[in-house]
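If you want the building blocks of each chain, they are given just below.
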Amino acid sequence: MIKRLFITSICSLVAMPIFAKEKALNLIPYPNNVRLQSSTDKFIIDRDVSIKNDENNLNFCAEFLSTKLNISQKIQNKTKIINLKIDKSFTKKNSYKLTIGKNSINIIGSDDAGVFYGIQTLLQMLQIDKSGSFKKELPLISVEDAPRFEFRSFMLDSSRHFQKISKIKELLDNLASLKMNYFHWHLVDDQGWRFEVKKYPKLTQIGGFLAKDHKMERAGFYTQEELREVVNYAKKRNIIIIPEIDVPGHSKALLKSIPELLCDVAKNEEDTGSTICVTKEKTYQVLDDIFKELIDVFEPPYVHIGGDEVAGDIWNKCSSCSSKIKRNNFKKTFKLEKIFLDNVAQIIKKHGSRAIVWGEHLDKGGIPKDSHIQGWRCSWGGKRQDFVAAKASIEGNFKVINSLGDYAYFDYRNHPGGSKPSWVPVLPLERVYKFPVIPVGLTDAQAKNIIGGECTMWTEYVISEDINKMIFPRILAFAEQMWSNENIKDYDSFLNRLAVIKQFYERQGVEFAKPHKVVDIKQKTAAKITTSMGIYKTYVPEYMLDSNDVTWYVSKKIPEIGDYFTVEFDHYKNLSSLSIYADFEYMHDFAKAKQYDKFGIVKISADGVNFKQIGRFEDGVFEMTFPTKEKVKAIKVIVTEKQQSNMVISEVNFTE
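Residues numbered from 1 in each chain as written. Predicted model: local features only at pLDDT ≥ 70, side-chain atom pairs only at ≥ 80, totals over all residues. Heavy atoms only, no water.

1. Some thoughts on the pattern of salt bridges
A complete count under the given rule lists 27 salt bridges for this structure. Put simply, E568 and K633 hold a salt bridge, and the shortest N to O gap is 3.3 Å. With a gap of 65 residues between them, E568 in strand 24 (residues 564-581) and K633 in strand 27 (residues 621-638) connect regions that are remote in the sequence. Owing to a relative accessible area of 17%, K633 belongs among the buried residues under this scheme. (Salt bridge = Lys/Arg side-chain N within 4 Å of Asp/Glu carboxyl O. Helix = DSSP H or I, 4+ residues; strand = E, 2+ residues; numbered from the N terminus. Buried < 20%, exposed > 50% of the residue type's maximum accessible area, 1.4 Å probe, protein only.)

2. Some details on helix 17 (residues 491-506)
With 16 residues, helix 17 extends 21 Å from end C-alpha to end C-alpha; this agrees with the ideal 22 Å at 1.5 Å per step. The largest bend along helix 17 measures about 35° and falls at A499. Every buried residue of helix 17 is accounted for by Y491, S493, F494, R497, L498, I501, F504 and Y505. Where helix 17 is buried, its residues touch helix 2 (112-126), helix 3 (165-177), helix 13 (429-433) and helix 16 (474-483). (Expected span 1.5 Å × (residues − 1). Bend = angle between axes of the 7 residues up to and from the residue. Contact = heavy atoms within 4.5 Å.)

3. Describing unusual backbone geometry
Trans is the prevailing form of peptide bonds, just as negative phi is the prevailing case for residues other than glycine. Residues I28 and P29 are joined by a peptide bond in cis, for which omega reads -5°. Here P29 shows up in the loop between strand 1 (16-17) and strand 2 (33-36). In this structure, the amide linkage connecting V247 to the following residue, P248, adopts the cis form with an omega of 0°. Notably, E217 is not glycine yet its phi reads approximately 55°, a positive angle. Note on placement: E217 falls in the loop between helix 4 (202-205) and helix 5 (224-236). Classification of E217 by relative accessible area gives partly exposed; the value is 24%. Notably, E309 is not glycine yet its phi reads approximately 50°, a positive angle. Tracing the sequence through the fold places E309 in the loop between strand 15 (302-304) and helix 8 (313-317).

4. A few points about the side chain of Q124
When you line up the elements, Q124 lands in helix 2. Setting aside residues no more than four positions away along its own chain, Q124 makes contact with N26, L27, I28, S177, L178, I501, F504 and Y505.

5. Observations concerning the pairing of strand 16 (residues 354-358)
Looking along a regular strand, one sees side chains alternate from face to face of the sheet. Most of strand 16 sits inside the fold, with 4 of its 5 residues counted as buried. Note: strand 15 against strand 16, 3 bridges, orientation parallel. From the neighbouring strand, V303 faces strand 16, where its bridge partner is A355. In this sheet, strand 17 (residues 372-375) lies alongside strand 16 in parallel orientation, the contact comprising 3 bridges. Note that in strand 17 the partner of I356 across the bridge is H372. (Pairing = 2+ DSSP bridges.)

6. Points about the packing of helix 3 against helix 5
Look at helix 3 against helix 5: their axes get within 10 Å of each other, and the N-to-C directions meet at 15°. Judged by the inter-axis angle, helix 3 sits roughly parallel to helix 5. Crossing hand, helix 3 versus helix 5: right-handed. Residue-level contacts link I165, I168, K169, L172 and D173 of helix 3 to E226, E229, V230, Y233 and A234 of helix 5. (Axes fitted to C-alpha atoms, helices over the stretch in contact; angles between N-to-C directions. Parallel < 35°, antiparallel > 145°, perpendicular 65-115°, else oblique. Left-handed = near helix turned anticlockwise from the far one by under 90°.)

What follows is the structure, given as C-alpha cells:
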C-alpha cells in the first residue's frame, strides 16, 4: 500500500501523483495518470477565456466545448486560452493529454476522439453547481490518459419497445460523456421491425406495427433519413453505430411481413418458432437487399447478425431443409445454421462491412470466417462460459467482445424486488464494477484478442422512461471497467466519486436507480419457512407466501431424495383448502426442467411435530379441498424421487 502524500506549501510547486486510493478528482472513468501541479492556484473560467483550434477536424470539439462553457471562440483581447490540438506521435488511439495551467488549458489528442475525451474529462472536473451552471474554477493538473480497451459499447433493444429519436440522442450524449465509443442498435426481433427498407415497405408497414391496439411503445419504425441523422449525430461524438438484423431466429416480424420466407410446412409464422427457411433462394435475395440498404445508411465497420436462440426443429419438417440435412448427412440442424450464417457474413462482406455473431455458435459448428464473436451466455453445454468459449475462438484468431450476462445485462434488476417477473436476476453495482472482461487463464497473447466489452439494455420489460434508471449508475461502473487500467481501479474510491458524479448527471435530467431498501415481503400470515435446499440468488422462501404468483422461491441446488421445505404458522389454522404451485414458465435458468410431478409428497401437521401425508404433486400442482376444516400448524413438502432441476415454488395458497 502506498502511503498518503501530504501536500505542503514547500512542495506545492512540485508535480505530485494522485494515487489510486487517493483520487482527489471526482471523475468517472478515472484517468490513468493524474498529477497535481499546484495545491493553491486555479484556472478561472470567465469572459477572458477563449478556445483556439487550428484544425478543421476539431471544429465540432471547439463548438461543443464553447456551447458547454458558454465562452467565445474568438481569441482577440482574450488573456486565457483553451488550446485544442492533435499530435500523431501518440502511440495509442483515443488517448489524450490534458494540462491545466494558470492562464492556459491544453488538450492534445492522438486523434479527434482523443481531444473529445479530454474535453469530457474537463467538463466532469467542472461539475455543476446548485444553479445548474458549471463551476468556474479548475485545479492546475496534468492528465495523461488512454483507454484500456478499444471496444467500449452499449446495446439498446428498440424492437421489444420502441424509443423516439430524441431518446436515442440523449443516450448517445451520455455514452459520449463516459468515453464509450460503440452503440449496438438491436433494430429487429420478433416484436418489431424498426429499420425502413425501401425495397420492402411491408417490413415496416406490417412488421413495425405488430402489437394489437398499438400498446405503449410497441409500434413504430425509423426512416432512413432519421437513421442517417442519428449516425451523423453519433459520429460527431466519436460513437460508431453497429446495427443488428437478427437472423435466422427471432424473425417473426420478418416472416409476418414477407411470408414467402416461411418453411413450406408452415401455415403461418407461428409454426416456425420465429425461424426463417434457410434453403430458399429468395431468403438470400431478400437478405442481400436488406443488408445493402442497411450498410448504405449506417456505413458501419460491423453489422450484427444475431444468430442466437434459433429454434431449428422446423427445418427437419421442411422439405427443402430436411433434404439438405439428409444429403449432407448432418446429425444436427445447427449445421444448416452454420451454412446460413456463413452466407450472410459473405453478403455483409460484399457490401463493405464485417459480421458480428453471438458466441454460442462456437458450440454449433463454428463462427463465420473474418467475423467477430460476442459472448453473452453465463453457461453453455454444461460449462461455465467465463470465456472458455473465448479461448476456443482465440485459437481460431477471432476477436471477442465480452458481454457476459452475469455482469453486463442491465435489464437485470439493480436490486431484489420490483415488479418484473421473478426470473429476472439481480445485477448489483459492485458486480458490474468487478466484471472480469479478460477471462482468467488466458495468455497475454490470447488476451489481446479480447477487444473490449458491451453492456446491454434489452427492453422486454423496460419502456423509455425507465431506461436511465436501469443503466445508471451501473453504466458508470462499466465505463470505468472499459477505460481505466486494472491497477488503478478501486471500488471504494469509485463509490466516493459516484456520489458527486451522480449530481452531475441528475442536474442534466438523468434519473438514477433508487437506493436499495430491504424488500418488505408482506406475507399472507405470520409463518416461518425452513428448507434443506438453500436459496438461489434472491428467490427467497418468503415469496411462497407473498400473495404474488410471479415471485418465486427457487432452491439453490437440485433437490435430492429427502430434501424438504416446511411452512410453520405461529398458531394453528383451520384450513378449508390448500394448494401449492410449481412454475417454470419464465425460468430459463432451468429450461430443461419439465418434470413437475416428481417434486414429491405433501404432509400436514396439527402440532408441528407429527405429520401425515395428504397427497403429492401432479404436473407441478398440488390442490386439495378438505371435507371438513383441517387443523394445521405446519405444511411440509418432501422430495421422494430423483430430480432433474432446481425446485421452484411460486405460491402456497390456503383458505380458512
